[in-house]
Amino acid sequence: MRSERLYRALLRLYPARFREEYERELLRSFREERAEGAPAVKFWLRILGDLAATVPARLMEEAAQDLRHSVRVHARRPFVALFAIAALALGIGVATGLFGVLDTMLWRRLPYAEPDRLVFLHMLPGSMRLTESPTALHDWARQSPYLKDAAIFASDELNVAGGPRTVRVNVCETSANLFALMGTSMAWGRRFLPEEETRGRNDTAVISHAMWDQEFGGDPRVLGRTIRISGTPFRIVGVAPAGFDYPAGSQVWTPTVFEFERIPKEGVIFWQVMGRLKDGVPLEQAQALYLAEASRLNPRRMQEDEANRPALQTLKVQLAGASRKPSLVLFGAVLCVLLIACGNVANLLLTRVLDRRRELQIRAALGASRARLFQQLLFESLALALVAGAAGILLAQGVVRIAASLQPGQPEAQVDWRMLAFAVGLSLLTGLVFGVLPAWHVSRLQTSNEALRAGSARVPAARIRTALTALQVVLTIVLLAGGVSLGRTFLAMMRVDAGYQTAGVATLRVSLTGTSREDGARRMAYYREALDRLRVLPGVESAGAVNRLPLSTQPIGMGRWVLDNGQKLDAAMSAVAMERYFAALSTPVVAGRDFRETDNAAAEAIAVVNETMARSLGGPQASLGQRIRSSGNSQPRRIVGVVKASLHFGPGSEPMPQVFVPLGQSDATTLTFVLKTRGKLAPVMASARAALAGVDPNVPVFAVQSMDSYLAERTAKPRMYTGTLVFFGLFAAFLAVLGLYATVSYSVSQRTQEMGVRLALGGTPGLLCGLILRQSMPVVLGALAAGTAVVLALGRLLSALLYQAKEVTWQDCSAAGLGLALIAGLAILMAARRVSRLNPALVLRPE
Amino acid sequence: MPKSQPLDPTQFLPLPPLAFHILLCLGDGERHGYALKREIAKRTEGRLNPGAGSLYGTIQKLLEHGLIEESGERPDPHLDDERRRYFRMSELGLAVAQAEAARMRALVELSATRFGLGEPV
């Protein structure tokens, strides 16, 4: 008996029609075969084999039949199906794209040995002591209670010559054990040897696979050849495997003995430490040990904000960086949209089912079972979802591309089987989510004559629809309030005066390292001639130069400055500038003067500070004439001017103290020319590039771009996150209002007779509309209140999206809620207005 | 499935082996499912022994295409008192079975001229 029960359960795998038609025969056949007395194992293998061979075929056949029927039904009113597909495609597409991005960023294994044991020691206090000598690092790693080994490295963008041309690439100076630590084998040649960490033996380099291909044509004889990094020769000993470019897209690696002058640096050296966890030490324990070590070394550092506080992160988390949290929040938001879309489509399909009730009831009366109707509607929903999923995959490709443009340096997600599987899985799941309710509802339809007169199925359906609408409103208010909050923050951020103008400003960068112009006098002559030629170009109003351009991603240097009397000042960013640089960026000089051509080595040493720096000197006027010197340099400089404080890192950042020194009294091998222009930018940039080539064709000119494009790059992420959330919010509101309209309009159409009676008894259309509004709005308002509570509870999540985003306030909720309530009210009134067209005499005649 | 126009039997060719065997059995008269199954197994000496799912799946298709039809429900006098569904061949089914046999014969004749015929196994 038990085996027959099992077989009966297995028969449920067959689609409804076949099962209902032949279940009795199949069971009888089962009994008869068993009575023939075959061994149990053989018998069951045969039964299961038969099921495996026939269930899929029967399912496909019935699904095809059901779908043909559905297509005919939906073709009569294609809007519902098209709308459902569009809404779901958007949800599934964006979710799939974001899944691909997150998968690449967070969940996929990194191509290193045991990547989960590789950790990044973010903001290790006193990391400079590890750079005193190679042994300092190894001694520290050896006695560490949580690390097996550690590597220290720094990277900088430098000129590299060796192939046919000089290229500008990221060069990483590292302790010799970096590749061994990461478990990376060379594609060609060898890794660094431990003895290459000694002076005189560290003239070796490993190049990236990409550089090997592009600069050396994949020539295996590349080993032993010499490349020059900023003019210093290195011997190539290895080629890294394809795709390896850690850290920061490095193309060349060299072992370091921490001789900073050997390769002239253009930026600031920022040493980073990576380690491999000791065997048996779990990550949490290592994190606790690291924090204990960090707070022992520098307790003050622990009070810094999250970006500057010491933290032990897995390499994966470090690589994902600041994009991780926003991507997760956006993923949550898009799942919210998808859920709303599901609710909406369920609602729509339910309406369709109610419209089709008579058809379905007649089919039921003619013998179609509940299971059969349930199956048909479920197949319909799954098919809709799969079509939407297919469209969604196309959309996902766009999402992936946008994400890649926003996160340079991150590996770009590819549409692969994991993304496809996610899309198909999500489509099936959404199909089930929005399909089950209408299907379940249909399976409860009565087949009696009484039910055929309509009405009996309305009550539970109305409740389901109200609940679905309320759910959508709740989710919508969450997204809308989030969008309002982010939008408000973003607008406020963009309105802040950055202290410079970006419109109509062109920039070009040059690097003299490794060229014949590198040395003192020739260097100055180059800059002077270049600036003179740029200034006379047509369309150029004003031209200057600086070594650290605001908004660019050049590394900056913070240095200690002291007053002549020994008083220490806050750490300030130093920059080297040429005269009229401030004018070119429209940064006002608030006190004193700008640099002059005559501020050279022979003249008195001077400096210009910004307002933020001047504040610690007693204000702009009081700062003038004071003498400051950098802690590393004993030459005092007289402050001759104070300029307006500017946001070096762009909107959303804080102004920081800055000290500018004239180029004539300092040195810089890399400089960015800044041109304020009239008219079109492109021709000015082209002629400026030509002018620089005219000064010396061997000096590489790069980063030719407008300040506006720097600004766009800097604000791309917040703009994207804000734009996306606002769009999701509005789309959700659109879906929710549409759902509300459909619900009310359906309920009004169901109450035609009641409305007719009310009109006949003296009610006016206005009164009836008011009545419908009064009956419908409480659901909306209740859902709004519930949604607001959810937002305020979850609001903190949003502040993770942008550093600058504040928590969602009740004002944001009110704004979003009020807006939503208004359009909801309008939608209800529009749905109710058909009451005014009712003719009581016509409505009541059948009664 | 009622069809207004007479169907061309060749459009069903080639018939799956199980479908052809079912038509062969029904050529002798009405049968119920289990009798069909036993007869096919016996006729092919066990080489074709369809499972219930395959058998009724094929029966369903033959019914849908109008090659067989149901001839009512009654007990099998040889087996037990349970009522069983009996099937019989339709005119279209007969025409299709004949067309399939002709197709096979043509194949057999062609094979015989090319490489002779072996002993039946």
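Given the structure is predicted, the values throughout are model-derived calculations rather than measurements.

Within chain B, the secondary structure is distributed over 4 helices and 3 strands. Taken from N to C terminus, the helices and strands of chain B fall in the order α-β-α-α-β-β-α. Counting only residues that meet the buried cut, chain B has 41% of its 121 residues in that class. For chain B, the proportion of contacts with a sequence separation of at least 24, taken over those separated by at least 6, is 51%.

At the interface, 22 residues of chain B touch 21 residues of chain A. When chain B packs against chain A, close to 1900 Å² is buried across both sides, 40% of that on carbon and sulfur atoms. The largest share of the area that chain B buries against chain A comes from Y56, Q60 and R85 of chain B, three residues that together contribute 32% of it. Summed over the shared surface of chain B and chain A, the result is 6 salt bridges. Ionic pairing is found between E33 of chain A and K37 of chain B, a salt bridge with its closest N-O pair at 3.0 Å.

With that settled, the discussion passes to the nonpolar core. All names here are of chain A. Core analysis: the largest hydrophobic core is formed by 50 residues, its most contacted members being L88, F434 and L479. If we skip the residues at most four places from it in the chain, L88 touches G93, L338, A341, C342, V345, A385, A388 and F434. In terms of nonpolar packing, the next biggest core, distinct from the first, is built from 44 residues, L508, V510, L681 and V701 among them.

It is worth spelling out the pairing of strand β8 (residues 252-255) of chain A at this point. All names here are of chain A. On β8, burial covers both faces: V252 and T254 on one face and W253 and P255 on the other are all buried. Both strand β3 (residues 166-174) and β8 contribute to a ladder of 4 bridges, which runs parallel. By the bridge assignment, C172 is partnered in β8 with W253. As paired strands, strand β5 (residues 204-207) and β8 are joined by 2 bridges and run antiparallel to one another. Counted as the bridge partner of V206 is W253 from β8.

Residue and element names in this part refer to chain A. In the structure shown here, the tally under the stated rule is 20 aromatic pairs over all chains. Ring centres 6.2 Å apart and planes at 45° place the aromatic pair Y581 and F660 in the tilted group. Taken together, the residues Y581 in helix α17 (residues 581-584) and F660 in strand β20 (residues 658-662) connect sequence positions 79 residues apart. Judged by relative accessible area, Y581 falls into the buried class, the value being 4%. Every member of this aromatic cluster is reached through a ring pair, and the members are Y7, F30, F43 and W44. Looking at R58, its charged tip hangs above the ring of F18, at a distance of 5.6 Å from the centre.

Glancing now at the pattern of salt bridges. Residue and element names in this part refer to chain B. In total, this model carries 35 salt bridges over all chains according to the counting rule given. The closest approach of N and O atoms between E30 and R88, which form a salt bridge, is 3.6 Å. Of this pair, E30 sits in the loop between α1 (17-26) and β1 (31-32) while R88 sits in strand β3 (residues 83-89), placing them 58 residues apart in sequence. Taking the relative accessible area as the measure of exposure, E30 reaches 30% and is therefore partly exposed. Taking the relative accessible area as the measure of exposure, R88 reaches 34% and is therefore partly exposed. The residue R105 makes a salt bridge to E109 at a minimum N-O spacing of 4.0 Å. Residue R105 and its partner E109 are both found in helix α4 (residues 91-115); the two are separated by 4 residues, about one turn of the helix. In this structure R105 comes out as exposed when scored by relative accessible area, which is 54%. E109 sits in the partly exposed class, given a relative accessible area of 47%.

Once that is clear, we can look at the sheet that holds strand β2 (residues 68-75) of chain B. Note on sheets: strands pair through backbone hydrogen bonds, and any given pair is parallel or antiparallel. Residues and elements named next belong to chain B. Spatially, the 3 strands line up as an open sheet ordered β1-β3-β2, and their pairing is antiparallel. Among the strands making up the open sheet, the edge pair consists of β1 and β2. Direction of pairing for β2 relative to β3: antiparallel, over a ladder of 6 bridges. Paired with E70 across the two strands is F87, which belongs to β3. Lying over the sheet, helix α3 (residues 52-64) contacts β2 and β3, oriented at roughly 120° with respect to β2.

We now examine helix α11 (residues 357-365) of chain A. All names here are of chain A. Along α11, the residues that are buried comprise R357, L360, Q361 and A364. Each buried residue of α11 sits inside an arc of 100° when the element is viewed along its axis, so together they form one side. Looking at the residues trailing α11, positive phi occurs at G367, about 115°.

With that settled, consider a nonpolar patch on the surface. On the surface, a nonpolar cluster with roughly 220 Å² of combined accessible area is contributed by L386, V424 and L428 of chain A. Locating L428 of chain A in the fold gives a position in helix α13 (residues 417-443).

A few words now on the side chain of N547 of chain A. Residue and element names in this part refer to chain A. Here N547 shows up in the loop between β12 (540-546) and β13 (558-559). For N547, a relative accessible area of 8% gives the class buried. Among the polar contacts made by the side chain of N547, one reaches the main-chain amide nitrogen of V576 at a distance of 2.8 Å. Not counting residues within four places of it along the chain, the set of residues in contact with N547 comprises Q554, A575, V576, A668, T670 and L671.

The next thing to look at is the pairing of strand β1 (residues 118-122) of chain A. All names here are of chain A. For β1, a buried count of 5 out of 5 residues is recorded, marking the element as mostly surrounded by other parts of the structure. Residues L118, F120 and H122 line one face of β1 and the alternating positions V119 and L121 line the opposite face, and both faces are buried. In this structure, β1 lies alongside strand β9 (residues 272-277), joined through 3 bridges in antiparallel fashion. Looking across to β9, one finds that V119 is bridged to G275. Where β1 and strand β10 (residues 311-314) come together, 4 bridges link them in antiparallel fashion. For V119, the partnering residue across the bridge sits in β10 and is T314.

Residue and element names in this part refer to chain A. In the predicted model, chain A carries a mean pLDDT of 82, and the fraction of residues at 70 or more is 91%. No element of chain A has a lower mean pLDDT than helix α14 (residues 449-452), which averages 47, and none a higher one than α17, which averages 94. For the stretch residues 448-458, pLDDT sits under 50, and the model shows 14 contacts to residues farther than four places along the chain or on other chains.

That bond from Y246 of chain A to P247 of chain A is cis: its omega, -5°, falls within 30 degrees of zero. Topologically, P247 of chain A is positioned in the loop between β7 (232-239) and β8. The omega torsion across L13 of chain B and P14 of chain B is -15°, close enough to zero to call that bond cis. Its place among the elements puts P14 of chain B in the segment before α1. A positive phi angle, close to 70°, is found at R580 of chain A, a residue other than glycine. Notably, E45 of chain B is not glycine yet its phi reads approximately 55°, a positive angle. Looking at where E45 of chain B falls in the secondary structure, it is placed in the loop between α2 (33-43) and α3. Taking the relative accessible area as the measure of exposure, E45 of chain B reaches 63% and is therefore exposed.

A separate point is α1 of chain B. Most of α1 of chain B sits out of view: 8 of its 10 residues are buried. Looking at the buried positions of α1 of chain B, the neighbouring elements they touch are β1, α2, α3, β2, β3 and α4 of chain B.

All names here are of chain A. Between helix α1 (residues 2-10) and helix α3 (residues 40-76), the least distance of the axes is 12 Å, while the angle of their chain directions is 10°. The angle between α1 and α3 places the two elements in the roughly parallel class. Here S3, L6, Y7 and L10 of α1 lie close against α3, whose contacting residues are W44, I47, L48 and L51. Grouping the amino acids of the contact of α1 with α3 by side-chain chemistry returns 7 nonpolar, 1 polar and no charged.

Parameters and conventions
- Residues numbered from 1 in each chain as written.
- Chains lettered and ligands numbered in written order.
- Predicted model: local features only at pLDDT ≥ 70, side-chain atom pairs only at ≥ 80, totals over all residues.
- Heavy atoms only, no water.
- Helix = DSSP H or I, 4+ residues; strand = E, 2+ residues; numbered from the N terminus.
- Buried < 20%, exposed > 50% of the residue type's maximum accessible area, 1.4 Å probe, protein only.
- Contact = heavy atoms within 4.5 Å.
- Buried area = accessible area lost by both parts, 1.4 Å probe.
- Salt bridge = Lys/Arg side-chain N within 4 Å of Asp/Glu carboxyl O.
- Core = buried A, V, L, I, M, F, W, Y, C linked by side-chain atoms within 4.5 Å.
- Pairing = 2+ DSSP bridges.
- Phe/Tyr/Trp six-rings, centres within 6.5 Å; stacked < 30°, edge-to-face > 60°.
- Lys NZ or Arg CZ within 6 Å of the ring centre and 35° of its normal.
- Axes fitted to C-alpha atoms, helices over the stretch in contact; angles between N-to-C directions.
- Arc of directions from axis to C-beta.
- Patch = residues over 30% accessible without salt bridge, like charges linked within 9 Å, V, L, I, M, F, W, Y side chains within 5 Å.
- Areas by Shrake-Rupley, 256 points an atom, 1.4 Å probe, with all protein chains shown as cover.
- Polar contact = N/O pair within 3.5 Å; in protein donor to acceptor, adjacent residues only side chain to side chain.
- pLDDT = per-residue confidence, 0-100.
- Parallel < 35°, antiparallel > 145°, perpendicular 65-115°, else oblique.
- Nonpolar A, V, L, I, M, F, W, Y, C, P; charged D, E, K, R; others polar.

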